Amino acid sequence: MLNVNIFNMDGISVGEMELEESIFGIIPNESVMHDAVLNYLANNRSGTQSALTRGEVRGGGRKPYKQNKINKSRAGSIRMPHWRGGGVVFAPKPRDYSYRLNKKVKRLAIKSALSSKVQNKEFIVVDEIKLENYRTKSIVAMLNALGAEKKVLIVTPIINNFVFKSANNIPGVETTVADSLHVYNVLNCDKLIIAKEAVNMITEMYS
C-alpha cells in the first residue's frame, strides 16, 4: 500500500489517501523521462530561424572584376559566402521540429515522473484547491503552509480562473489541470501540489 497525507489549504493534515502503485509507485525510468522531455521541448520550438542563401541575397548580378591579368583570385559575384555581405552556404530555414512519441512511452514517462515525486516526498495532496475571488495572498499563504516556497506546480481537476490567475502572479509557480499534465512540468518543479480529485482523475486515465 502506498499512502500519502491529505492536507487542506492551511497546511493541516485532514486524512490519508491510498495511491495506485502502478502509477505512483513504480521504479522511475530515467531514459523514458528524458525522451519525453526532449519531445516536449522539440514540439515547442518555433522553428522560425532563417538566413539568406547566395541566391537570395540582394545584389551580385554581375562579375565584380575581370578574371585574368589582375593578380586576384577569380570571383563571380560579390555575394559569395566568403565575402562580406554574402549569402550563407547551408542557410537555416523555417522548419517543424516536432515529432511524435509512442503512446506507451508517454504513459510510462508520466508514471515515472509522478513516482519520482512521490518517492522524493515532493508530492503534496490537498483536499481541495479553491478560491472564491482573485487573491494572490491566499495562494502564497497555502504555499507557505505546505512548505512549498520554490518552484511549484499546482494541479487542479478543472480550470479554476481564480486559482490560476492568482497563482500566475507568483514567480516560480505554474498551474495546470490533470488531463494536461506533462512530464516536463512535473520534473521542472520542486514541489507538486495536486488536488485530491485531480489524483483520482489521473488514476482513471492511466490505469
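Residues numbered from 1 in each chain as written. Predicted model: local features only at pLDDT ≥ 70, side-chain atom pairs only at ≥ 80, totals over all residues. Heavy atoms only, no water.

As annotated in an unreviewed UniProt entry, the protein chain is Large ribosomal subunit protein uL4 from Paenibacillus lutimineralis. Check the Sequence similarities (unreviewed entry) section of the UniProt entry for the protein chain; it says "Belongs to the universal ribosomal protein uL4 family." Comment text from UniProt for the protein chain, heading Subunit (unreviewed entry), reads "Part of the 50S ribosomal subunit." (UniProt positions renumbered as here; feature names shortened; annotations may be inferred.)

Undergrad: Residues and numbers for the domain arrangement of the protein chain, please.
TA: You can read the domains of the protein chain as domain 1 (2-45 + 98-206) and domain 2 (47-96). One C-alpha centre belongs to domain 1, the other to domain 2; they are set 52 Å apart. (Domains from an automatic or database assignment.)

Undergrad: Got a sec to walk through the pattern of salt bridges? Specific residues and values, please.
TA: What the rule picks out here adds up to two salt bridges. Two residues, Lys93 and Glu56, come together in a salt bridge whose shortest N-O distance is 2.8 Å. Of the two residues, Lys93 is situated in the loop between helix H2 (30-43) and helix H3 (103-119) and Glu56 in the loop between H2 and H3; the sequence distance between them amounts to 37 residues. Owing to a relative accessible area of 43%, Glu56 belongs among the partly exposed residues under this scheme. Between Lys117 and Glu122 there is a salt bridge, and its shortest N-O distance comes to 2.9 Å. Relative accessible area serves as the criterion here: at 22%, Glu122 is assigned to the partly exposed category. (Salt bridge = Lys/Arg side-chain N within 4 Å of Asp/Glu carboxyl O. Helix = DSSP H or I, 4+ residues; strand = E, 2+ residues; numbered from the N terminus. Buried < 20%, exposed > 50% of the residue type's maximum accessible area, 1.4 Å probe, protein only.)

Undergrad: Residue-level account of helix H7 (residues 196-206), with values.
TA: All buried positions along H7 are accounted for by Ala198, Val199, Ile202, Thr203 and Tyr206. Seen end-on, H7 carries its buried residues on one side only, within an arc spanning 145°. For H7, the elements touching its buried residues are strand E2 (13-19), helix H1 (21-24), H3, strand E3 (123-126), strand E4 (152-156) and strand E6 (191-195). (Arc of directions from axis to C-beta. Contact = heavy atoms within 4.5 Å.)

Undergrad: So what's going on with the packing of aromatic side chains? Residues and values would help.
TA: All chains considered together, the criterion is met by three aromatic pairs. Measuring from centroid to centroid gives 4.8 Å for Tyr134 and Phe162, while their planes differ by 70°, and the two rings are edge-to-face. On the criterion of sequence distance, the pair formed by Tyr134 in the loop between E3 and helix H4 (136-145) and Phe162 in helix H5 (residues 161-167) is long-range, its members being 28 residues apart. According to the relative accessible area criterion, Tyr134 is exposed, its value standing at 51%. A relative accessible area of 29% means that Phe162 is categorised as partly exposed. Lying over the aromatic face of Tyr65, Lys72 brings its terminal NZ or CZ to 4.9 Å of the ring centre. (Phe/Tyr/Trp six-rings, centres within 6.5 Å; stacked < 30°, edge-to-face > 60°. Lys NZ or Arg CZ within 6 Å of the ring centre and 35° of its normal.)

Undergrad: Give a detailed account of the nonpolar core, specifying residues and quantitative values.
TA: The nonpolar side chains of a soluble globular protein tend to be buried with one another. Ranked by internal contacts, the top residues of the largest apolar core, which has 52 residues, are Phe24, Leu114, Phe123, Leu143 and Ile193. The element contributing the most residues to this core is H3, with five residues. (Core = buried A, V, L, I, M, F, W, Y, C linked by side-chain atoms within 4.5 Å.)

Undergrad: How would you explain the pairing of E4 if you had to name every residue and give the values?
TA: Most of E4 is tucked away, with five of its five residues classed as buried. Across the two faces of E4 the burial is the same, with Val152, Ile154 and Thr156 and Leu153 and Val155 all buried. Bridge analysis of E4 against strand E5 (residues 173-177) gives five bridges, and the strand direction is parallel. Residue Leu153 lies in a different strand from E5, and its bridge partner there is Glu174. As paired strands, E4 and E6 are joined by four bridges and run parallel to one another. Residue Ile154 lies in a different strand from E6, and its bridge partner there is Ile193. (Pairing = 2+ DSSP bridges.)

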